[in-house]
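So the chains spell out like this:
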Amino acid sequence: MNRIHNFNAGPAVLPLPVLEQAQAEMLDYQGRGMSILEMSHRSKEYEAINAEAESRLKGLLGLGDDYRVLFLQGGASLQFAMLPLNFLPAGATANYIVTGAWGEKAVEEGQKLGAVHMAASTVEGGFRRVPTPGEISLSDSPAYLHFTSNETIQGVQWPQLPDFGAVPLVCDMSSDILSRPFAAEKFALIYAGAQKNIGPAGATVVIVRQSWLETARKDAPAILRYATFAKNNSLYNTPPVFAVYLTNLVLGWIDAQGGLAGIAAANERKASTVYHAIDRSSGFYRGHAEVGSRSQMNVTFRLPEEGLEKQFVAEAQAAGMVGLAGHRSVGGIRASLYNALPQAAADALASFMDEFLRKNG
Ligand SMILES: *Cc1c(COP(=O)(O)O)cnc(C)c1O
C-alpha cells in the first residue's frame, strides 16, 4: 500500500483506520449480507448510525438537549441560502463579518434574500486577517451575525471565536470544525460541509439551537427548512447514507484521539512545523495571513516568483506530497493540514521546504 502525503483542501485526507473499517464492512455490514450503501435509510442499522453520529457530535462539542445535529445535502454552499431563508424575515437585518472568499459568497446569497449589513470586512489588504473588535459594528438588533471561522482559500482563521452576547451567532466552520475546543453553546447555528475535516463529500452538518429553530420562518419549501429535518431526525428524504456513515466513523476516531483537546494539540504541532519552515526562510516563503490570523488548517504562502511556485508543486509531488497548489483564485501554495493529516506529512513538507530553499533560495 502506498498512502501519499495528502494536502488536499477538500475533499481531503481521511483517517486510515476509518477507511480500513469502511473497507472491512463494505460487502457485509454487520452480518446483513449487504453494504450500508445498499440498505434502506429506514433500516434499524442506518437509524443507529444516524443517532450515533448526532450523539457523538454533541458529545464532542459538549452540547445538551437544546441542540440538534442535522445531516443535510447541498454542501456549505446551500447553507449560504438556507440560513436567510429560515432566519431572515422581511423587516429584519442580517449581519455578516467577511474575512475571505467563502464569507463573500455567504453575503451575496443573503443579499438576494433580505436586508444585509456588513458588520466588518477585511477585503482591503486582501483578506490577510480577522478584524479587530473595534472594526466590527453591528446594526440594531441583527437577525443573526454570520462569520467564517476559517477561510479555507486565504488561510485566515479566528484565533479565538468572537462573542456578541445575545445576538444569534452563526458560523460557517466547514474547514475547521472539530479541530479545537470552543464554546459551542455560544452559537445559534453552526454548519460545515463534511469533506474537509470530518468526513467525505456529500453530507453537510448543521448544529442548531432548538430554541432558535423555533423562531424560524415557516414559509420556505419543506426541503429548505431546518425544522423539517429536525422533526424527522435528518430522515425527511433519503439522506447521504454513506457520507453520514463515514462521518460517524470519523467522529469515533476523534473520540479515540482524546476528543477536541487531543486533536487540537496534534493540529497545533502540525501547523507550527510548517509555519516554522516559513519563518526560518528569511522571506523566501511569505505567508499570506498576518501572524495573528494564521490558519492552523490551511497554510497559505507565496514564493518569490510564480515559476518557482510551479516548480515547488511539481517537485513536491515527485517527492510524494500532493494537493499543494493554492486555490486558482489566489495562486501560491496552500498546505491543508486537517485533523486526519499525520504529523509525518507536516514533517516531510517542512523538510522539503528547507531543501527547496537551499537549492533555489
Ligand atoms: C469548502 C467550503 C465551502 C463550500 O463547501 P461546499 O460543500 O463545496 O458547498 C464553504 N465554506 C467554507 C469555509 C469552505 O471551506
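Residues numbered from 1 in each chain as written. Predicted model: local features only at pLDDT ≥ 70, side-chain atom pairs only at ≥ 80, totals over all residues. Heavy atoms only, no water.

A. How the structure looks around the overall build of the chain. For the chain, the count of helices and strands is ten helices and 14 strands. The C-alpha atoms of the chain give 21 Å as radius of gyration, which agrees with the globular expectation for 361 residues (21 Å, within 12%). Taking the principal axes of its C-alpha atoms as reference, the chain extends roughly 60 × 60 × 30 Å. Taking all 361 residues of the chain together, the buried fraction comes to 55%. By sequence separation, contacts in the chain at least 24 residues apart represent 66% of the contacts at least 6 residues apart. If you sum the accessible surface of the chain, you get close to 15,000 Å²; carbon and sulfur atoms cover 52% of it. Here the chain carries 30 positive and 34 negative side-chain charges, and the mean point of each set is 2 Å from the other. (Helix = DSSP H or I, 4+ residues; strand = E, 2+ residues; numbered from the N terminus. Rg over C-alpha atoms; globule rule 2.2 N^0.38 Å. Buried < 20%, exposed > 50% of the residue type's maximum accessible area, 1.4 Å probe, protein only. Contact = heavy atoms within 4.5 Å. Areas by Shrake-Rupley, 256 points an atom, 1.4 Å probe, with all protein chains shown as cover. Lys, Arg positive; Asp, Glu negative; His and termini not counted. Charge placed at Lys NZ, Arg CZ, Asp CG, Glu CD.)

B. Looking closely at the side chain of H288. Mapped onto the elements of the fold, H288 is located in the loop between strand 11 (286-287) and strand 12 (298-302). According to the relative accessible area criterion, H288 is buried, its value standing at 19%. For H288, the contacting residues outside a window of four places in its chain are G126, F127, R128, Q154, T300 and F301.

C. View of the pattern of salt bridges. Enumeration according to the criterion identifies 13 salt bridges in this entry. Where E45 meets R32, a salt bridge forms, and the shortest distance between an N and an O atom there is 2.6 Å. With E45 in helix 2 (residues 44-61) and R32 in the loop between helix 1 (16-24) and helix 2, this pair connects stretches of sequence that are 13 residues apart. For R32, a relative accessible area of 33% corresponds to the partly exposed category. Because the salt bridges share partners, they merge into one network encompassing R32, K44 and E45. (Salt bridge = Lys/Arg side-chain N within 4 Å of Asp/Glu carboxyl O.)

D. Molecular detail of the site of the ligand. The local shell around the ligand holds 13 residues, among which S77, T152, D172, Q195 and K196 are the closest. In the environment of the ligand, an oxygen atom lies 2.4 Å from a nitrogen or oxygen atom belonging to the side chain of T152. A distance of 2.9 Å separates an oxygen atom of the ligand from a polar side-chain atom of Q195. Protein contacts shield 87% of the accessible area of the ligand, which totals 390 Å² for the unbound molecule. In terms of residue count, helix 3 (residues 75-87) provides more of the shell around the ligand than any other element does, four residues in total. Split into classes, the residues belonging to the shell around the ligand amount to three nonpolar, eight polar and two charged. (Near = heavy atom within 4 Å. Polar contact = N/O pair within 3.5 Å; in protein donor to acceptor, adjacent residues only side chain to side chain. Nonpolar A, V, L, I, M, F, W, Y, C, P; charged D, E, K, R; others polar.)

E. Inspection of the packing of aromatic side chains at higher detail. Summed over all chains, the structure comprises 20 aromatic pairs. A centroid spacing of 6.1 Å and a plane angle of 35° characterise the contact between F147 and F187, whose relative ring orientation is tilted. Note that F147 is positioned in strand 5 (residues 145-148) and F187 in the loop between strand 8 (169-172) and strand 9 (189-193), a separation of 40 residues in sequence. Of the residues examined, F187 reaches a relative accessible area of 2% and is grouped as buried. (Phe/Tyr/Trp six-rings, centres within 6.5 Å; stacked < 30°, edge-to-face > 60°.)

F. Just the packing of helix 1 against helix 7 (residues 241-256), in detail. The geometry of helix 1 relative to helix 7 is characterised by a closest axis approach of 9 Å and an angle of 135° between their N-to-C directions. Judged on the interaxial angle alone, helix 7 and helix 1 are oblique. Taken as a pair, helix 1 and helix 7 cross one another with a handedness that is right-handed. The segment helix 1 lies against helix 7, with P17, V18, Q21 and A22 engaging Y245, L246, L249, V250 and W253. Grouping the constituent residues of the contact of helix 1 with helix 7 by class yields eight nonpolar, one polar and no charged. (Axes fitted to C-alpha atoms, helices over the stretch in contact; angles between N-to-C directions. Parallel < 35°, antiparallel > 145°, perpendicular 65-115°, else oblique. Left-handed = near helix turned anticlockwise from the far one by under 90°.)

G. Region of interest: unusual backbone geometry. A cis amide bond links G10 to the next residue, P11, at an omega of -10°. Residue position: P11 is located in the loop between strand 1 (5-6) and helix 1. With a phi angle near 50°, F127 is a residue other than glycine that sits in the positive phi range.

That is the geometry; function is a separate question.
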